[in-house]
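This is what each chain is made of:
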Amino acid sequence: MPALQRRKRIGVCVNDKKKRKLNFHVFEELCKSRGYDVTDVDLSLPLSNQGPFDLIIHKLSDLLVEAGQDLKSHYLVQRLQVYLDTHPYTILLDPLPALHTLLDRFQSYHLLRSLESRNNGICSVFSPPCVELVSKHCDIVSLVRAHLTFPIICKTQIAHGPRSHQMSLIFNEGGLNEVTPPCLLQSFINHNATLYKVFVVGSEHFVVRRPSLRNFPLGETDEKTIFFNSHEVSKAESCSHLSQAMPCPEVHPPPAAIVKKVVQSLQEALGMSLFGVDVIVDTQSGRCAVIDVNAFPGYEGVPEFFPALLSHVEKLLEDPKEPSPDPPAEAPQILRGPAPSNSWVADSALADPYKKSLPDTPYFNLCTPSLSDDW
């Protein structure tokens, strides 16, 4: 009599707050109705006793940030790494090295710059000019004069947690005295108070329109620095005075072909399935600018999220492969991230599901030691 086939098991490593916000129980019930076992993953306990897992969905941003300074968090991340090394056919959504890149704005914006698209010499997509500040010892004013234009957005280096949403809009050189490194300074692009959130789920993506910062006069002015929380400006329900658009010509949404190219290129570079891209349209040139990329966003305004996620999971699991019976010859090593590609990829295939990868920077060290003060 043939042996009964084991039901595939999906592990979920997402904190309760995120699960409640997403109504994640709906996805879990959807999976169970399609014949998958769904179980929570507890990194404080041995994973070998909780599995085997065919696929693990996670949101470990908090833990990865903490692992840079906290030994307990470091060991929890290492426990997951050991499990992946000893179970190489467990699919992880999404790769930890890619999260390391997106949690550090310095690395994230280097990636965006490396992926700028040029079609016959004309950039259809760009990332606004940036300067990364590691310490106050550098000549901030000279760097800004050489590379940026006012107004300037100031963002924290770490792109996760409540503090990461605290930003400022600087209008003159005097306002640079209030900058606290490590941080990233970026030329502000007028975009008619409209932000386009691109939510990616595997091979699908969804575009949601959101409010954003209103237009400001370009060039240096006497206006005082504005401090704001990006969540209060760009959430769907936001009604901040900073997002009240002035009367001006309408800017059309980013073309679908450009959005698709951006998504495919980031998937090729990061190997990720669940991420968000913030896109604006420059009111002056009409060109599209990518201003942020974030891992496992909230997917607010995307009712198709759970069906799309389940469809992606089923595609990944439909061709099962048996893991090798032999244990790894060497002790597990630190997972390290891939090097970004040099240009936007026009028609790239989606990256293979992450198994393990071992070149460059350790994912749990967000303290980048040798970043320059300019590009």
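Analysis parameters
- Residues numbered from 1 in each chain as written.
- Predicted model: local features only at pLDDT ≥ 70, side-chain atom pairs only at ≥ 80, totals over all residues.
- Heavy atoms only, no water.
- Buried < 20%, exposed > 50% of the residue type's maximum accessible area, 1.4 Å probe, protein only.
- Helix = DSSP H or I, 4+ residues; strand = E, 2+ residues; numbered from the N terminus.
- Pairing = 2+ DSSP bridges.
- Phe/Tyr/Trp six-rings, centres within 6.5 Å; stacked < 30°, edge-to-face > 60°.
- Lys NZ or Arg CZ within 6 Å of the ring centre and 35° of its normal.
- Core = buried A, V, L, I, M, F, W, Y, C linked by side-chain atoms within 4.5 Å.
- UniProt positions renumbered as here; feature names shortened; annotations may be inferred.
- Contact = heavy atoms within 4.5 Å.
- Axes fitted to C-alpha atoms, helices over the stretch in contact; angles between N-to-C directions.
- Parallel < 35°, antiparallel > 145°, perpendicular 65-115°, else oblique.
- Left-handed = near helix turned anticlockwise from the far one by under 90°.

A. Main features of the pairing of strand 15 (residues 288–295). Across the eight residues that make up strand 15, a large majority, eight, are buried. The turn linking strand 14 (residues 274–281) back onto strand 15 is made up of six residues, and Gly286 within it adopts a positive phi angle of 80°.

B. Region of interest: the packing of aromatic side chains. Taken as a whole and judged by the stated rule, the model has ten aromatic pairs. Measuring from centroid to centroid gives 5.8 Å for Phe188 and Phe216, while their planes differ by 70°, and the two rings are edge-to-face. In this pair, Phe188 sits in the loop between strand 10 (183–187) and strand 11 (194–201) while Phe216 sits in the loop between strand 12 (204–211) and strand 13 (226–229), placing the two residues 28 residues apart along the sequence. Cluster of aromatic residues (ring-pair linked, three or more members): Phe24, Phe27, Phe199, Phe296, Tyr299, Phe305 and Phe306. When the ring centre of Phe126 is taken as origin, the NZ or CZ atom of Arg287, which lies over that ring, is 4.2 Å away.

C. Just the nonpolar core, in detail. One finds Leu43, Leu266 and Val277 to be the most contacted residues of the largest nonpolar core, which totals 50 residues. Of all the elements in the fold, those that place two or more residues in this core are helix 3 (61–66), helix 4 (71–86), helix 5 (96–103), helix 6 (105–114), strand 11, helix 9 (256–270), strand 14 and strand 15. In terms of residue count, the dominant contributor to this core is helix 9 (seven residues).

D. The arrangement of the UniProt feature "binding site: Mg(2+) 2" (unreviewed entry) in the protein chain in detail. Sites flagged by UniProt as "binding site: Mg(2+) 2" (unreviewed entry) map to Asp292 and Asn294. Residue placement: Asp292 occurs in strand 15. With near-sequence residues (within four places) excluded, Asp292 lies in contact with Arg105, Tyr109, Gly276, Val277 and Asp278. In this structure, Asn294 sits in strand 15. The contact partners of Asn294, leaving out residues within four places of it in the chain, are Leu102, Lys197, Phe275, Gly276 and Asp278.

E. Fine view of the environment of Leu266. In this structure, Leu266 sits in helix 9. The spacing of Leu266 and Leu111 is 155 residues in sequence and 8.9 Å in space, taken between C-alpha atoms.

F. Broad picture of the packing of helix 2 (residues 24–33) against helix 10 (residues 305–317). Interaxial distance between helix 2 and helix 10 falls to 10 Å at its minimum, and their mutual angle equals 45°. In terms of axis orientation, helix 2 runs oblique to helix 10. When you trace helix 2 past helix 10, the crossing you get is right-handed. Judged by residue contacts, Phe24, Val26, Phe27, Leu30 and Cys31 of helix 2 engage Phe306, Pro307, Leu309, Leu310 and Val313 from helix 10.

G. Up close: the sheet that holds strand 7 (residues 130–133). Across the sheet, five strands lie side by side as 7-10-8-9-13; this open sheet has antiparallel pairing. Edge positions in the sheet fall to strand 7 and strand 13, since each has one partner strand and no second. Taken pair by pair, the neighbouring strands of this sheet meet at an average axis angle of 25°, ignoring direction. Pairing geometry for strand 9 (residues 166–170) and strand 13, over four bridges, is antiparallel. Along strand 13, the bridge assignment pairs Leu169 with Ile226. Against the sheet, helix 6 contacts strand 7, strand 8 (152–156), strand 9 and strand 10, and its axis sits at roughly 35° relative to strand 10.

H. Highlighting the sheet that holds strand 1 (residues 9–13). Across the sheet, four strands lie side by side as 2-1-3-4; this open sheet has parallel pairing. A strand with exactly one partner marks an edge of an open sheet, and here the two such strands are strand 2 (37–40) and strand 4 (91–93). Strand-to-strand, the axes of this sheet are offset by a mean angle of 20°, without reference to chain direction. Bridge count for strand 1 against strand 2 is four bridges, and the pairing is parallel. In the strand pairing of strand 2, Gly11 is matched with Thr39.

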